[in-house]
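One-letter residues, chain by chain:
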Amino acid sequence: MKICQEIDDWKAIKETLPKDKTLGVVMTMGALHSGHASLIKQSQKDNDYTLVSIFINPTQFNDKKDFDHYPNTWESDIQLLKSLNVDFVLSPHKEALYHDNYHYQINEKHFSHILCGRARPGHFDGVLTIVMKLLLISGATRAYFGEKDYQQYQLIKKMAEAFFVPTKIISCPTVREKTGLALSSRNLRLNNQAKEKAIRFAHIIQTHHCLTDAITQLEKENIQIDYLEEHNQRRYAAVFIDGIRLIDNFPISEIHMTQDKEPS
Ligand code: AMP
C-alpha cells in the first residue's frame with residue numbers, strides 16, 4: 001500500500017497506472033470503521049484500483065471545538081487499510097490542499113441551507129470545496145459516499161452533474177451496529193451513558209411513524225434535537241448527546257413499528 005502525503009507523489013503514481021484501468025476513490029476524515037470499510041469494499045468490487053483519502057477538513061467545521069476533538073487514529077487506520085488491501089492512501093497537508101487560503105469555494109444555494117446546513121453555516125461550502133478538490137486530484141473513475149450522510153451525498157452528486165465532473169458518484173448503504181445505531185467516527189467520543197442515549201435516538205427515530213411522537217419521546221429522554229424533518233420520503237435527524245452531534249436518516253418506508261420499551 002503506497003501512502004502519499006504529497007499531492008505530486010500521488011499524481012506521479014496516477015500517471016503510471018494503465019489508462020484502461022479504473023480507479024475508485026473513498027474520501028474520509030480518518031477514525032475508520034466498518035462504514036468506511038463498506039465503501040472501500042464496494043470500490044474494490046467495481047474498480048481495478050482503490051484510493052482512500054484521509055484528511056480532517058478544517059473548512060467544514062463551523063465549531064472549532066468539534067474540529068479540535070475530532071478523533072485522530074492514524075496508526076489503526078493504516079493497519080485497517082492494509083488489511084483491506086487498499087492500493088493507495090492520500091493524506092495531504094492542509095497547506096497543500098488550501099494553497100489558495102480557501103479564497104475559492106463551491107457554494108450551493110438551495111438544499112445546502114436546510115437540515116445540517118441551517119445549524120452549521122458554511123459546513124457544506126467546506127464539504128463541496130474539499131470534495132471537488134479531491135475529485136480533481138484523484139482523477140477517479142468512481143467516487144463512493146455513504147448514505148449515512150445523505151444530504152451530503154445528494155449535494156455532491158448534483159455538484160458533479162452541475163460541473164460536468166466525469167467521475168461517477170456512487171452511494172453505499174448506512175452500516176449500523178446491531179442496536180440500530182449508525183456507525184460514526186464521533187461515536188468514539190461517547191461514554192457508556194451517552195452511547196445508551198445514542199442507541200435510544202436511533203431507535204426512536206426508526207420506530208415512531210408520527211414525527212411529533214418521535215420529538216416528544218426524544219425530549220422526554222432529554223435528547224437535545226437539532227432537527228427532525230422529512231423531505232422527499234426520507235426522514236433526517238440530528239441531535240446533540242453530551243455536546244456531541246450525531247446525525248441519521250432513512251427512507252420513511254423503512255420506519256418499523258416495534259413495541260417501544262422505555263429505558264429502565
Ligand atoms: P467521514 O470520515 O465521516 O467524513 O466519512 C467518510 C465517508 O464514509 C462518507 O462518505 C460517509 O458518508 C461514509 N460513512 C460514514 N459512516 C458511515 C456508515 N455508518 N455507513 C456507511 N457509510 C458511512
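Residues numbered from 1 in each chain as written. Predicted model: local features only at pLDDT ≥ 70, side-chain atom pairs only at ≥ 80, totals over all residues. Heavy atoms only, no water.

Caption draft 1: Just the packing of aromatic side chains, in detail. Inspection of the entire model under this criterion finds seven aromatic pairs. Their ring planes at 85 degrees and their centres at 5.5 Å tell us that tyrosine 98 and tyrosine 102 sit as a pair that is edge-to-face. Residue classification places tyrosine 102 among the buried positions, given a relative accessible area of 18%. Through successive ring pairs, a cluster of aromatic residues spans Trp10, Tyr49 and Phe88. Across the ring face of tyrosine 150, the terminal group of arginine 234 is positioned such that the distance to the ring centre comes to 3.5 Å. (Phe/Tyr/Trp six-rings, centres within 6.5 Å; stacked < 30°, edge-to-face > 60°. Buried < 20%, exposed > 50% of the residue type's maximum accessible area, 1.4 Å probe, protein only. Lys NZ or Arg CZ within 6 Å of the ring centre and 35° of its normal.)

Caption draft 2: Looking closely at the environment of isoleucine 225. Along the chain, isoleucine 225 turns up in strand β7 (residues 224-231). For the pair isoleucine 225 and isoleucine 215, spaced 10 residues apart in sequence, the C-alpha separation works out to 7.9 Å. (Helix = DSSP H or I, 4+ residues; strand = E, 2+ residues; numbered from the N terminus.)

Caption draft 3: Up close: the site of the ligand. As a matter of local geometry, the ligand sits amid 16 residues, with His36, Gly146, Asp149, Val175 and Leu183 nearest to it. Between valine 175 and the ligand, the recorded distance is 2.8 Å, taken from a backbone N or O atom to a nitrogen atom. Within the backbone of leucine 183, a nitrogen or oxygen atom sits 2.8 Å from a nitrogen atom of the ligand. In the complex, 93% of the free accessible area of the ligand, which totals 480 Å², lies under the protein chains. Mapped by element, the contributors of at least two residues to the shell around the ligand are β2 (23-28), α2 (34-46) and β5 (142-146). In terms of residue count, α2 provides more of the shell around the ligand than any other element does, three residues in total. (Near = heavy atom within 4 Å. Polar contact = N/O pair within 3.5 Å; in protein donor to acceptor, adjacent residues only side chain to side chain. Areas by Shrake-Rupley, 256 points an atom, 1.4 Å probe, with all protein chains shown as cover.)

Caption draft 4: Spotlight on the nonpolar core. Among the nonpolar cores identified, the biggest contains 42 residues, and Trp10, Leu97, Val131, Leu135, Phe145 and Ile169 are the most heavily contacted of them. Sorting the residues of this core by element identifies α1 (7-16), β2, β4 (88-90), α7 (123-138), β5, α8 (150-162) and β8 (234-241) as the ones contributing at least two each. Tallying contributions element by element places α7 first for this core, with nine residues. Counting contributing residues per domain, this core is built from domain 1 (2-172) and domain 2 (185-251), each supplying no fewer than three. Formed by 20 residues, the second largest nonpolar core is a distinct cluster that contains Leu190, Ile223, Ala237 and Ile241. (Core = buried A, V, L, I, M, F, W, Y, C linked by side-chain atoms within 4.5 Å. Domains from an automatic or database assignment.)

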